[in-house]
Amino acid sequence: MKKYPIRFLSFLILVGFLFVGLPLHPIKAAPTVNYLTDQDGLPNYTVYKIFKDSRNMMWIGTFNGICRFDGHSFTKFHIDLPKPLNAVTDIVETHEGHIMFGTRKGLYLVEPERQTCVQVCPQISFVNCIGKIGQTLLIGSANGLWIYKNPEEAEPIKFENSVISKGNIVNDITDDGKGGAWLCSDEFLIHLNLKNRSLKKYKISKDLLTGNLRNICRSGDRIYICLLYTSDAADD
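Here the residue index of a chain counts from 1 through its sequence in written order. Restriction of local features to residues with pLDDT of at least 70 applies here, the model being predicted, together with a cutoff of 80 or more for giving and counting side-chain atom pairs; totals for whole chains, interfaces and linings are based on all residues. Hydrogens and waters are ignored; side-chain quantities use all the structure's heavy atoms.

A.B. asks: Where do I start with the sheet that holds strand β3 (residues 58–62) in this structure?
C.D. replies: Strand-to-strand pairing in sheets goes through backbone hydrogen bonds, with the strands running parallel or antiparallel. With antiparallel pairing, four strands are arranged side by side in an open sheet as β2-β3-β4-β5. Looking along the sheet, the strands with just one partner apiece sit at the ends: β2 (47–52) and β5 (74–77). With direction set aside, neighbouring strand axes in the sheet form an average angle of 25 degrees. Paired strands, in this sense, are two strands between which DSSP finds at least two bridges. Numbering of helices and strands runs from the N terminus, with a helix taken as a DSSP run of H or I at least four residues long and a strand as a DSSP run of E at least two residues long. Looking at chain direction, β2 and β3 are connected through five bridges and run antiparallel. Within β3, the residue paired with K49 across the bridge is G61. To get an axis, fit a line to the C-alpha atoms, keeping to the stretch in contact for a helix; angles then go from 0 to 180 degrees between the N-to-C directions.

Listed below in structure tokens is the structure:
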């Protein structure tokens, strides 16, 4: 297997830093920044996910559900769930062009015409992440890893108990560029061969692992990993 260089991006819960790359040539005019809040129609001022679909619409996942932004105004889509169960954990566009998202209660599809959302694959509980691997949609949840088939059916990928993590909870998913997937749990980076459903785990050195593995992203032959620090880890 080709080796992937790994880069770590670290975040503190209490303090966040934003690094912006600036061009070398002088900027003629400062960019315009608009600040949009729940007063403008956003369902909640806490935003967890932003996703751009194939129609150039922006989908915003918040602590209080999902909405669509067309560049001018927000359209909310009703979810029959109370807070915080309706908090959106991830968003993806299916191959059929439907918007799918995860919540703390399970997997949902947006029905734009009715301006509402419906739960699909009720066997899937708390959704942590959704990964688009070629023509396959992988769902990482609190009750394991699933392959989405259709609104009524999802196939569980069966592993040994707690081989990925306690309860086989997956925090994030990204493709490997070759038809397989990279997964991360709190402690492990895992490569999944979708053809034979085999796993290969990579344990991160304790010298580097000063928090939980939270998000992963592949760019070319590099894998970037975000660590979520806890206050205890920061003190150590």
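A.B. asks: Help me out: how do you make sense of the layout of surface pockets in this one?
C.D. replies: Unoccupied space between atoms shows up once a probe the size of one water molecule is rolled over them. With a 1 Å grid spanning the protein atoms alone, the term cavity applies to any set of points in which a 1.4 Å probe fits but cannot get out, the term pocket to an open set with protein on both sides within 12 Å along at least five of seven lines, and the term lining residue to any residue with an atom within 4 Å of a point. Grid points are joined across faces, edges and corners, and a volume is the space filled by probe spheres set on the points. Volume-wise, the largest pocket comes out at about 430 Å³. Y48, V88, T89, N128 and R214 are the residues nearest the centre of the largest pocket, which is lined by 15 residues in total. Throughout this entry, Asp, Glu, Lys and Arg are counted as charged residues, while Ala, Val, Leu, Ile, Met, Phe, Trp, Tyr, Cys and Pro are counted as nonpolar. The remaining residues, Gly among them, count as polar. Looking at side-chain class alone, the lining of the largest pocket contains six nonpolar, four polar and five charged residues.

A.B. asks: I would appreciate a short explanation of the packing of aromatic side chains in the present structure.
C.D. replies: Note on aromatic pairs: each is described by the distance of the centres and the angle between the planes. For Phe, Tyr and Trp, rings pair up if their centres lie within 6.5 Å, where Trp contributes its six-membered ring, and each pair is then called stacked (planes under 30 degrees apart), edge-to-face (over 60) or tilted (otherwise). Tallied over the entire structure, the rule returns four aromatic pairs. Judged by centre distance (5.2 Å) and plane angle (35 degrees), the ring pair of W59 and F77 falls under tilted. With a gap of 18 residues between them, W59 in strand β3 and F77 in strand β5 connect regions that are remote in the sequence. As far as burial versus exposure is concerned, W59 and F77 are alike and both buried. Between F101 and Y108, the ring centres sit 5.8 Å apart and the planes meet at 20 degrees, which makes this aromatic pair stacked. The two residues F101 and Y108 agree in class, both being buried. Over the ring of F188 we find K201; its NZ or CZ atom is 4.1 Å from the centre of that ring. Relative accessibility decides the category of a residue: with a 1.4 Å probe and only protein chains considered, values under 20% of the type maximum give buried, values over 50% give exposed, and everything between is partly exposed. Two conditions define a charge sitting above a ring: the NZ of Lys or the CZ of Arg must be within 6 Å of the ring centre, and it must be within 35 degrees of the ring normal.

A.B. asks: Would you mind showing me how to read the pairing of strand β15 (residues 181–184) here?
C.D. replies: Here β15 shows two buried faces, one formed by A181 and L183 and the other by W182 and C184. As paired strands, strand β14 (residues 172–175) and β15 are joined by four bridges and run antiparallel to one another. The residue of β15 that forms the bridge with I173 is L183. Bridge count between β15 and strand β16 (residues 188–193): four bridges; the pairing is antiparallel. Opposite A181, over in β16, you have L192 as the bridge partner. Hairpin geometry of β15 and β16 is characterised by an intervening segment of three residues between the two adjacent antiparallel strands.

Purely geometric numbers; function is a separate question.
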